[in-house]
Amino acid sequence: MEYVVQPELNVRNAGSSTYVLEPMRMYYAQTSVESLLTDSDVLAVIGFGANAARVDDPRCLRVGLEPVFKNAPVEVWRVRGPVRTHRDGPVAWSGNQDYAFGRIELAEADFGGVAAAAQHAYEMLKSWCRSSATPHLLRIWNYLDAINLGHGDDERYRQFCSGRAAGMGSDFVSTYPAATAIGVRDGRRVVQIYWLAARAPGKPVENPRQISAWRYPRCYGPAAPGFARGMRAPTSSPQLFVSGTAAVVGHASHHANDCAAQLAETLANLDSLMAAAQFAAQFGSESLWKVYLRRDADVRIVESSLRARFGDEMSLLLLHGDICRAELLVEIDGVQNG
Ligand code: 3EB
């Protein structure tokens with residue numbers, strides 16, 4: 001099989017003059033949300049699962065994915081302060097002069113379904129970008145309930161993709177951000193998107209082992225997923241946002257029903273992406289990773305293989321979640337600092 005490579009989007013062509021920002025600091029911590037929010041340089045505090053703190057503040061977000069292990073940390077994003085917070089209807093965000101953390105949560109019932117809710121969310125995101133001093137999307141996370149429910153083109157993920165494509169319109173076509181789309185299991189039919197945006201544009205990076213997602217053939221749904229495999233942040237020291245990465249080679253899923261083999265394929269994809277971005281793949285303490293797992297039975301094999309390969313240095317959060325193709329059992333995303 002031949003894979004399409006997009007050299008024009010490869011980060012090697014990036015001019016160094018675009019690398020103007022200080023990198024964000026992102027890490028997992030066992031700190032209380034309340035104490036983090038007293039710091040003026042905290043851009044975001046993200047908690048996971050039903051037990052996460054529910055704090056009504058644009059800097060705080062609760063994601064409905066359940067952590068695999070008890071006493072899960074929160075994810076903290078820090079920038080040079082002071083951070084200010086804002087709201088406009090269902091859009092809430094925090095930001096300084098360089099970065100913004102934003103979110104939109106829309107009840108599907110208010111719009112007549114998952115596609116229409118996704119379309120509205122992305123239209124709102126588009127207008128947010130047009131009026132923002134930090135208009136360049138680097139990274140988006142998308143969460144929706146029951147992502148694999150429905151057959152063929154009626155599958156909720158495919159409907160989400162159609163709505164997202166309609167909402168994005170042509171605004172992001174040449175610079176899709178890095179992204180993740182994962183299914184929660186909390187029964188709340190709410191489309192939740194959150195994002196990181198910056199004052200300067202990043203450089204999208206594609207993976208030579210994978211066809212670009214926006215060029216997926218028709219068999220995966222009426223609208224291809226609009227995201228880049230990775231995004232080199234416009235930072236003075238190298239920072240790479242890595243999209244949800246799974247056992248997809250070319251455009252096909254590999255190793256159905258074999259989580260260990262899917263994990264190995266996923267790691268090969270991550271190595272390949274980081275090589276394309278000229279990052280030495282190391283997964284060290286300077287980086288931050290999430291692993292989304294479909295089946296409880298795969299927790300031990302995934303944890304132990306990752307620890308065996310990368311050691312306890314690796315900053316890792318395991319979450320229960322459904323990957324957007326029903327045959328995929330594991331997906332990994334993260335941020336790599338070079
Ligand atoms: C894949 O490679 C796996 O729809 O935004 C990964 C990351 C995946 C993001 C998205 C989907 C998305 O196609 C699925």
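All values reported here derive from a predicted model rather than from experimental measurement.

Asks: Account for the site of the ligand, naming residues and giving values.
Replies: Near the ligand you find 13 residues, and of these Tyr157, Arg164, Tyr216, Arg229 and Cys324 are the closest. A distance of 2.7 Å is found between an oxygen atom of the ligand and a side-chain nitrogen or oxygen belonging to Arg164. The separation between an oxygen atom of the ligand and a polar side-chain atom of Arg229 is 2.9 Å. With the chains in place, 99% of the 360 Å² that the ligand exposes on its own is no longer accessible. Counting residues per element, the ones that place at least two in the shell around the ligand are α3 (156-168) and β9 (178-184). A per-element tally of the shell around the ligand places β9 first, with 3 residues.

Asks: Give me the lowdown on the nonpolar core, citing residues and values where you can.
Replies: A general trend in soluble globular proteins is that nonpolar side chains are found buried together. Counting 72 residues, the largest nonpolar core has Trp77, Leu125 and Trp195 as the members making the most contacts within it. The element best represented in this core is helix α2 (residues 114-130), accounting for 8 residues.

Asks: Now, about the sheet that holds strand β12 (residues 230-232): what can you tell me, with residues and values included?
Replies: Ordered in space as β11-β12-β13-β19-β16-β17, the 6 strands form an open sheet in which the pairing is mixed. Each edge of the sheet is formed by a strand with only one pairing partner; in this case those strands are β11 (203-205) and β17 (316-320). Between one strand and the next, the sheet's axes are offset by a mean angle of 15°, whatever the strand orientation. The pairing of β12 with strand β13 (residues 239-245) spans 3 bridges and is antiparallel. Bridge pairing links Arg232 to Leu240 in β13.

Asks: Describe the sheet that holds strand β4 (residues 74-78), listing the residues and the values that go with them.
Replies: With mixed pairing, the 4 strands of this open sheet are ordered in space as β1-β4-β2-β3. Each end of this open sheet is capped by a strand with a single partner; those strands are β1 (25-29) and β3 (60-63). Ignoring which end each strand starts from, the neighbouring axes of this sheet average 20° apart. One ladder, built from 5 bridges, connects β1 with β4; its direction is antiparallel. Bridge assignment links Tyr28 to a residue of β4, and that residue is Glu75.

Reading the values: rules and limits
Throughout this document, residue positions are counted from 1 along each chain, in the order its sequence is written. Only residues with pLDDT of at least 70 are given local features in this predicted model, and only at 80 or more are side-chain atom pairs given and counted; all residues enter the totals for whole chains, interfaces and linings. Working from all heavy atoms in the structure, the side-chain values ignore hydrogens and water. The cutoff for a nearby residue is simple: one of its non-hydrogen atoms must lie within 4 Å of the molecule or strand. N or O atoms closer than or at 3.5 Å make up a polar contact, with two conditions inside protein: a donor-capable atom paired with an acceptor-capable one, and, for residues adjacent in sequence, both atoms drawn from side chains. A 1.4 Å probe and the Shrake-Rupley method give the accessible areas. Residues count as covered only by the protein chains that appear here. Only DSSP runs of H or I reaching four residues or more are called helices, and only runs of E reaching two or more are called strands; each is numbered from the N terminus. The term nonpolar core refers to a set of buried residues drawn from Ala, Val, Leu, Ile, Met, Phe, Trp, Tyr and Cys, joined through side-chain atoms within 4.5 Å. Partly exposed describes any residue whose relative accessible area lies between the buried limit of under 20% and the exposed limit of over 50%, with all areas from a 1.4 Å probe on protein chains only and scaled to the type maximum. What makes two strands pair is DSSP finding at least two bridges between them. Note on geometry: axes are C-alpha line fits, over the in-contact stretch for helices, and angles between N-to-C directions span 0 to 180 degrees.

This is a description of form; function is not addressed.
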